[in-house]
Amino acid sequence: MNNHKNWVNNKLRWGRFFIILGILLIGLGIVIEIAFENLPYNLRIISGLGILWIGVGIGMIIRYRSALHGNQSAKRLLIEEHDERNQFIRYRAGYRGFWVAIPMVYILLMWLSLAANGSLPPIGKDLLWYLQAACVVIPFTVYIISFLSDQKNL
Amino acid sequence: MKNKLEEFRNEMGLTQQELADRVEVSRQTIISLEKGRYNPSIILAFRLARLFKVKIEDLFLYSNEEEKNE
């Protein structure tokens, strides 16, 4: 009986861990940026990653906290997570997101390689940050849209 | 794929949620199955058939049309 609650508690622990990890990454990004001013590396990427992990952690805590009230709701949540239709929807969304991410990353890497030997104009520091962020945000958006669309239509 | 899930469920007097709990899937999966929008895995098909004490082919109606649509 307690297995379902243990499972929920374990998920909550992971949620808290991701929030702490996110805070540490944001702190690390800020500290490195202050300590090493001229590093040839955009340190906002570290802080951005921290924000991402905080989002993941908060999302997990919101999702799993509601299941702590009763064993039945914890069991239903466990069933929902392992439900074959949900797994299929997640797999399909991940597949679509992956095939959007691959060409984006490939084009960006090719551009950077060709920019390095002068064949293409170089990408500025700020634009590079936005493009890298887009390589995460756009596939994730595709994942969410695919997920919601399949939830509705399948 | 067409199926007689709703018919058997009603005969047994189960709600969608109760059926979902019995075969350990979400209620949404039962809804999708009943509407014929989602085809179950062989494991789930067996679980449902065993619950209703019928053969899989009596529960899920596989026709040549289905094969053409694959």
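Residues numbered from 1 in each chain as written. Chains lettered and ligands numbered in written order. Predicted model: local features only at pLDDT ≥ 70, side-chain atom pairs only at ≥ 80, totals over all residues. Heavy atoms only, no water.

Focus on the overall build of chain B
Then comes step 1: Across its full length, chain B holds 6 helices and 2 strands.
Then comes step 2: Ordered by position from N to C terminus, the α and β elements of chain B give β-α-α-α-α-α-β-α.
Then comes step 3: Its C-alpha atoms give chain B a radius of gyration of 11 Å, near enough to 11 Å, the size a compact globule of 70 residues would have.
Then comes step 4: Taken along its principal axes, the extent of the C-alpha atoms in chain B is 35 × 25 × 20 Å. (Helix = DSSP H or I, 4+ residues; strand = E, 2+ residues; numbered from the N terminus. Rg over C-alpha atoms; globule rule 2.2 N^0.38 Å.)

Details of a nonpolar patch on the surface
All names here are of chain A.
Then comes step 1: On the surface, a nonpolar cluster with roughly 660 Å² of combined accessible area is contributed by Phe88, Tyr91, Tyr95, Phe98, Trp99 and Ile102.
Then comes step 2: Mapped onto the elements, Tyr95 comes out in helix α4 (residues 84–116).
Then comes step 3: Overall, Tyr95 belongs to the partly exposed group, its relative accessible area being 46%. (Patch = residues over 30% accessible without salt bridge, like charges linked within 9 Å, V, L, I, M, F, W, Y side chains within 5 Å. Areas by Shrake-Rupley, 256 points an atom, 1.4 Å probe, with all protein chains shown as cover. Salt bridge = Lys/Arg side-chain N within 4 Å of Asp/Glu carboxyl O. Buried < 20%, exposed > 50% of the residue type's maximum accessible area, 1.4 Å probe, protein only.)

Description of helix α2 (residues 16–23) of chain B
Residues and elements named next belong to chain B.
Then comes step 1: Regarding α2, the residues found buried are Gln16, Leu19, Ala20 and Val23. Take α2 and look down its axis: the buried residues cluster within an arc of 100°, on one side only.
Then comes step 2: Where α2 is buried, its residues contact α1 (5–12), α3 (27–35) and α4 (42–52).
Then comes step 3: With its phi angle positive at about 60°, Glu24 sits one or two positions after the end of α2. (Arc of directions from axis to C-beta. Contact = heavy atoms within 4.5 Å.)

Structural notes on the environment of Arg76(A)
Then comes step 1: One can find Arg76(A) in helix α3 (residues 71–82).
Then comes step 2: Between the alpha carbons of Arg76(A) and Asn38(A) there is a distance of 52 Å; along the sequence they are 38 residues apart.
Then comes step 3: The contacts of Arg76(A), once residues within four sequence positions are left out, are Gln17(B) and Asp21(B).

Examining the confidence of the model for chain A
Then comes step 1: Residues with a pLDDT of 70 or more make up 97% of chain A, whose mean pLDDT is 89.
Then comes step 2: Confidence, expressed as mean pLDDT per element, reaches its minimum in chain A at α3(A) with 84 and its maximum at α4(A) with 96. (pLDDT = per-residue confidence, 0-100.)

Structural notes on the packing of aromatic side chains
All names here are of chain A.
Then comes step 1: Using the criterion set out here, one finds 13 aromatic pairs over all chains in the structure.
Then comes step 2: A ring pair is formed by Trp14 and Phe18, whose centres lie 5.7 Å apart and whose planes are at 35°; its orientation type is tilted. Of this pair, Trp14 and Phe18 are both found in helix α1 (residues 2–35), 4 residues apart, which corresponds to roughly one turn of the helix.
Then comes step 3: When its relative accessible area of 43% is taken as the criterion, Trp14 is described as partly exposed.
Then comes step 4: For the pair Trp129 and Tyr130, a centre-to-centre distance of 5.2 Å together with 85° between the ring planes defines the contact as edge-to-face.
Then comes step 5: Put simply, the rings of Trp14, Phe17, Phe18 and Trp53 touch in pairs and so form one group of aromatic residues.
Then comes step 6: Lying over the aromatic face of Tyr64, Arg63 brings its terminal NZ or CZ to 5.6 Å of the ring centre. (Phe/Tyr/Trp six-rings, centres within 6.5 Å; stacked < 30°, edge-to-face > 60°. Lys NZ or Arg CZ within 6 Å of the ring centre and 35° of its normal.)

Let's talk about the packing of α2(B) against α3(B)
Residues and elements named next belong to chain B.
Then comes step 1: At a minimum axis distance of 8 Å, the contact between α2 and α3 shows a crossing angle of 110°. Between α2 and α3, the interaxial angle falls into the category roughly perpendicular. Of α3, the residues touching α2 (which contributes Gln16, Gln17, Leu19, Ala20 and Val23) are Arg27, Ile30, Ile31 and Glu34.
Then comes step 2: For the contact of α2 with α3, a count of residues per class yields 5 nonpolar, 2 polar and 2 charged. (Axes fitted to C-alpha atoms, helices over the stretch in contact; angles between N-to-C directions. Parallel < 35°, antiparallel > 145°, perpendicular 65-115°, else oblique. Nonpolar A, V, L, I, M, F, W, Y, C, P; charged D, E, K, R; others polar.)

What to know about the interface of chain B and chain A
Then comes step 1: At the junction of the two partners, chain B supplies 13 residues and chain A supplies 13 residues.
Then comes step 2: Counting every contact that joins chain B to chain A gives 1 salt bridge.
Then comes step 3: Residue Arg76(A) is joined to Asp21(B) by a salt bridge in which the shortest nitrogen-to-oxygen separation is 2.8 Å.
Then comes step 4: For the pair chain B and chain A, the number of links is 7 residue pairs in polar contact (both at pLDDT 80 or more).
Then comes step 5: Element by element, the count of residues in the side of chain B that touches chain A is highest for α3(B), at 3 residues.
Then comes step 6: The residue inventory of the side of chain B that touches chain A, partitioned by class, reads 4 nonpolar, 6 polar and 3 charged. (Polar contact = N/O pair within 3.5 Å; in protein donor to acceptor, adjacent residues only side chain to side chain.)

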